[in-house]
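# Close look at the chain arrangement
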Amino acid sequence: MRELERDFPDRPDTACPPRALKLAVVGIGRAGGAVARAAAEAGIEVTPAGRRDALEACLASEAAILSVPDDEIAVAAEAVSGAAGALRFAGHLSGAGGLELLAPLHARGTELFSLHPLQTLPDAEASLAGAWCAVTGSSRASIEFAREICERLGMRPFEVPDEARAAYHAAASIASNLMIALEESAVELLERAGVAQGREALVPLVLRSAANWADLGPGALTGPIVRGDETTVAMHRAAIATTAPELSGAYEALAERARGVARSTATPPGSIEAGQAGIDRLAASVPAPDPGRPLLVRSKAELDAALSPARAAGDSIGLVPTMGFLHEGHRSLLRAARDRSDVVVMSLFVNPAQFRPGEDLASYPRDEAGDLAAAAADGVDIVYAPRLDEVYPEGFATAVKVRGGLTDVLCGDPARRGPAHFDGVTTVVAKLLSSVRPMLAFFGQKDAQQAIVVRRMARDLDLPVEIVAMPTVREPDGLAMSSRNAYLTSDERRRAPALYAALSTARDVALTSGDLGRGLTAARRLLAEAGVQPEYLEARDAEDLSAVSELGSKPVLVALASRLGSARLIDNIVIESEVTG
Ligand code: PAF
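Think of each chain on its own: its residues are numbered from 1, step by step along the sequence as written. Since the coordinates come from a predicted model, pLDDT governs what is reported: local features require at least 70, and pairs of side-chain atoms require 80 or more to be given and counted, while whole-chain, interface and lining totals use all residues. Just so you know, side-chain values use all the structure's heavy atoms and leave hydrogens and water out.

## A word on the overall build of the protein chain
- Counting from the N terminus, the helices are the DSSP runs of H or I reaching at least four residues and the strands are the DSSP runs of E reaching at least two. Helix and strand counts for the protein chain stand at 22 helices and 16 strands.
- By the burial criterion, 48% of the 581 residues in the protein chain qualify as buried.
- Every residue pair with non-hydrogen atoms within 4.5 Å of one another is taken to be in contact. Within the protein chain, contacts between residues separated by at least 24 positions form 69% of all contacts whose residues are at least 6 apart in sequence. Whether a residue is buried, partly exposed or exposed follows from its accessible area with a 1.4 Å probe, protein chains only, as a fraction of its type maximum: under 20%, in between, or over 50%, in that order.

Encoded structure:
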């Protein structure tokens, strides 16, 4: 623009456009028609012209507006450049196009302007009254002229620098054209979801949203994103992926924008605007979700929705089933799952079905907030923490039972926890495996019998999952990490390392003497010396849990359970066949 001004230092700027104005409007499309009609109504002498009579009309006018498509403006300007002597001002109605499109006229002394009504003009009858209008000029005089025209047509002018026209027009396009595309996308999604009245049903919502936005600006944003309800967003994502996948990219991009708007408008509790927008913003003022935090889902539907993109993409899913109150043992499972899977799901469910009457179901330690923080730190993607009735709805009548000598020995001995304990475990794990459909599921070797039972279940039921047993994680003094260690008094805690010491002794003595019996005897002695009474200390085949009395070619599981106060602790050690060889 400055360049153009420099080109014409000898033309004095005039701030007063002529009162009686002769205006040629070349090209009577929707915009040109609306401008010509409004100009005529404003008392301006308008000569509408087509391509053929354009020069003639311009020669008879003081000003001209070239209202032709953007890519024809330069040609039209060239065509009427012969009228430059008559035309004091020439302009166009392009939103993004610059003044250089009118260069042939400018070169012959006409001052330039552009004038873009910020209004959607579906036809030439559309009213311009009240619309804002972007104006640009090659000189102060042409800018003032454009402003004057705008005002006489009932519009509100504002200046946009020539070099910013494309950005200005992109903004206008987002607000208007793309909004239509957006609404049509919503209609399409609704129709594909089987709602025939898509557009009709959406109109009141769209109009109210627009009116709210006009009143409240970004504060008009309502809905799941501003509430931080990423579970619902995940459900949307999954529904779009299956119903209208071509909209997924647009949804994600807009959801991200909405998160930005929500962050920028976070309102402290108490300063609430009236109405629904205020209510939603109150919800949003609850601490913003940590973006690194795993997605917390509580129903199978939410879980499915959250996993659907991963499933569609063929990503591998790793499951770590837990009853919460995470310790380093659990966390080693989470990290292993993270290393070996694309998506990590941690389940968090204290399963009543695996507790016997009188056991510690009610007092089992719980710390969901701490568990979520640990899960976040270990890169868990989804925490599935179902409610009781989600896992065991009314009328639930099925149990998954593994027998074959795996569940009625050791902890499954009817005099101890009994096979029902493992029935509870296998039932819930079968449900978790079927809900999550992981490729890998991670269990701790501390619960060796559980891992063996679950592995057999997966094998017998042809479940497409690999059961991974991860090494026991221990305190520095050897005590196996367990949520139930929280029950130990300081005296019990001092004696508790005797369990692993006894197991290590059993292994070492058995290996050095070649006599498994001697190893077990040495372990019992050590436990007695530590004041620890074993519930059982047994050697079993590490795969099928059959009783073994001597070392052989197969790994031997030496398993131990003991009650210390209110804590029932279990631990085990495997004597490997290669070592025994
Ligand atoms: O090992 C546990 O924590 C539980 O037995 C399990 C596998 C999560 C099933 O409830």
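From this point, things continue past the structure.
## Describing the site of the ligand
- Throughout this document, a residue counts as near a molecule or strand when at least one of its heavy atoms sits within 4 Å of that molecule or strand. In the vicinity of the ligand, the contacting residues are Pro321, Thr322, Met323, Asn351, Gln354, Val428, Phe443 and Gln450.
- What qualifies as a polar contact is a pair of N or O atoms within 3.5 Å, subject to a donor-acceptor requirement within protein and to the restriction that residues adjacent in sequence count only when both atoms come from side chains. Measuring from an oxygen atom of the ligand, one finds a side-chain N or O atom of glutamine 354 at 2.6 Å.
- Between glutamine 450 and the ligand, the recorded distance is 2.7 Å, taken from a side-chain N or O atom to an oxygen atom.
- For the accessible areas, the method is Shrake-Rupley and the probe is 1.4 Å, while residue cover comes only from the protein chains on display. Protein chains shield 89% of the accessible area of the ligand, which is 290 Å² for the free molecule.
- Class assignment for the residues of the shell around the ligand results in four nonpolar, four polar and no charged. Polar here means any residue outside two lists: the nonpolar Ala, Val, Leu, Ile, Met, Phe, Trp, Tyr, Cys and Pro, and the charged Asp, Glu, Lys and Arg; Gly therefore counts as polar.

## A look at the sheet that holds strand 13 (residues 466–470)
- A pair of strands is treated as paired once DSSP finds two or more bridges between them. An order of 8-11-10-9-12-13 is seen for the six strands of this open sheet, with the pairing classed as parallel. Of all the strands in the sheet, the pair left with one neighbour each is strand 8 (295–297) and strand 13. If you compare each strand with its neighbour and ignore which way they point, the axes differ by 25° on average.
- Here helix 14 (residues 328–340) sits on the sheet and contacts strand 9 (317–322), strand 10 (343–348), strand 12 (440–444) and strand 13; the angle it forms with strand 12, its principal contact strand, is near 155°.
- Packing against the sheet, helix 18 (residues 448–460) makes contact with strand 12 and strand 13, and its axis sits at approximately 170° to strand 13. To obtain each axis, a line is fitted to C-alpha atoms, and for helices this fit is confined to the stretch in contact; angles are then taken between N-to-C directions over 0 to 180 degrees.

## Examining the environment of valine 532
- Note on placement: valine 532 falls in the loop between helix 21 (516–529) and strand 14 (534–541).
- For valine 532, a relative accessible area of 3% corresponds to the buried category.
- Considered as a pair, valine 532 and serine 562 are 30 residues apart in the sequence and their alpha carbons are 7.2 Å apart.
- The residues touching valine 532, leaving out its near neighbours within four places in the chain, are Arg495, Ala498, Leu499, Leu527, Ser562 and Leu564.

## Describing the pairing of strand 13
- In this structure, strand 12 lies alongside strand 13, joined through five bridges in parallel fashion. Across the sheet, residue alanine 441 finds its bridge partner in strand 13, namely isoleucine 467.
- On the question of chirality, the crossover connecting strand 12 to the parallel strand 13 by way of helix 18 is right-handed. For crossovers, right-handed means that the path from the first strand over the helix to the second runs clockwise, given strands pointing away from the viewer.

## Quick notes on helix 15 (residues 368–377)
- Three or more residues of helix 15 are buried, namely Asp371, Leu372, Ala374 and Ala375. Buried residues along helix 15 cover an arc of 165° about the axis, so they all sit on one side. Turned more than 90 degrees away from the buried face of helix 15, the exposed residues are Ala369 and Ala377.
- In this structure, the buried residues of helix 15 make contact with strand 8, helix 14, strand 10 and strand 11 (382–384).
- Directly beyond the C-terminal end of helix 15, a positive phi value near 80° is found at glycine 379. Taken from the helix axis, the directions to the C-beta atoms give the arc we talk about.

## As for the sheet that holds strand 14
- With antiparallel pairing, three strands are arranged side by side in an open sheet as 14-15-16. The open sheet terminates on both sides in strands that have one partner only, identified here as strand 14 and strand 16 (567–575). Strand-to-strand twist across the sheet, computed as the mean angle between neighbouring axes with direction ignored, equals 15°.
- For strand 15 (residues 556–564) and strand 16, the ladder comprises nine bridges, and the chain directions are antiparallel. Residue pairing across strands places alanine 559 opposite asparagine 572, the latter belonging to strand 16.

## Side note on the side chain of glutamine 449
- Along the chain, the position of glutamine 449 falls in helix 18.
- Assessed through its relative accessible area of 6%, glutamine 449 is described here as buried.
- Among the polar contacts made by the side chain of glutamine 449, one reaches the main-chain carbonyl oxygen of leucine 406 at a distance of 2.8 Å.
- Here cysteine 411 takes part through its backbone nitrogen, which lies 3.1 Å from a polar atom of the side chain of glutamine 449.
- With residues near it in sequence (within four places) discarded, glutamine 449 still touches Leu406, Thr407, Val409, Leu410, Cys411, Gly412, Phe422 and Leu545.

## A short note on the confidence of the model for the protein chain
- For every residue, the pLDDT score states the predictor's confidence, bounded by 0 at the bottom and 100 at the top. Mean pLDDT over the protein chain stands at 88; residues scoring 70 or higher make up 89%.
- Here residues 1–15 is modelled with pLDDT under 50, and outside its nearest four sequence neighbours on either side it reaches 26 contacts, counting other chains as well.
- Note on residues 267–290: pLDDT is under 50 here. Beyond four places in sequence and across chains, it has 22 contacts.

## Section: the pattern of salt bridges
- Counted as salt bridges are all cases of a side-chain nitrogen of Lys or Arg within 4 Å of a carboxyl oxygen of Asp or Glu. According to the stated counting rule, one finds 32 salt bridges in the structure shown.
- Between lysine 446 and aspartate 447 there is a salt bridge, with the nearest N and O atoms lying 3.7 Å from each other.
- It is possible to trace a salt-bridge network through shared partners that takes in Arg140, Glu144, Arg147 and Glu159.

## Notes on the packing of aromatic side chains
- Two rings from Phe, Tyr or Trp (for Trp, the six-membered ring) form a pair when their centres are within 6.5 Å of each other. A pair whose planes differ by under 30 degrees is stacked, one over 60 is edge-to-face, and the rest are tilted. A complete count under the given rule lists seven aromatic pairs for this structure.
- Taking the centre distance of 4.3 Å and the plane angle of 15° together, the rings of phenylalanine 89 and phenylalanine 145 count as stacked. Taken together, the residues phenylalanine 89 in strand 4 (residues 89–92) and phenylalanine 145 in helix 6 (residues 140–152) connect sequence positions 56 residues apart.
- For phenylalanine 145, a relative accessible area of 1% translates into the label buried.
- Pairing tryptophan 132 with phenylalanine 158 gives two aromatic rings, centres 6.0 Å apart and planes at 70°, and the pair type is edge-to-face. Here tryptophan 132 is found in strand 6 (residues 132–137), whereas its partner phenylalanine 158 is found in strand 7 (residues 156–159), with 26 residues between them in sequence.

## Focus on the pairing of strand 15
- Of all the nine residues making up strand 15, eight are buried; the element is thus mostly covered by neighbouring parts of the structure.
- Bridging between strand 14 and strand 15 involves seven bridges; their strand directions are antiparallel. When the bridges of strand 15 are listed, glutamate 538 appears paired with alanine 559.
- Remark: two residues form the turn of the hairpin made by strand 15 and strand 16, two consecutive strands paired antiparallel; glycine 565 in that turn has positive phi of roughly 60°.

## So, unusual backbone geometry
- If you check the backbone angles, phenylalanine 325 has positive phi at about 50° while not being a glycine.
- Its location among the elements puts phenylalanine 325 in the loop between strand 9 and helix 14.
- Positive phi, normally seen in glycine, also occurs at arginine 437, with a value near 50°.
- Within the fold, arginine 437 resides in the loop between helix 17 (419–436) and strand 12.

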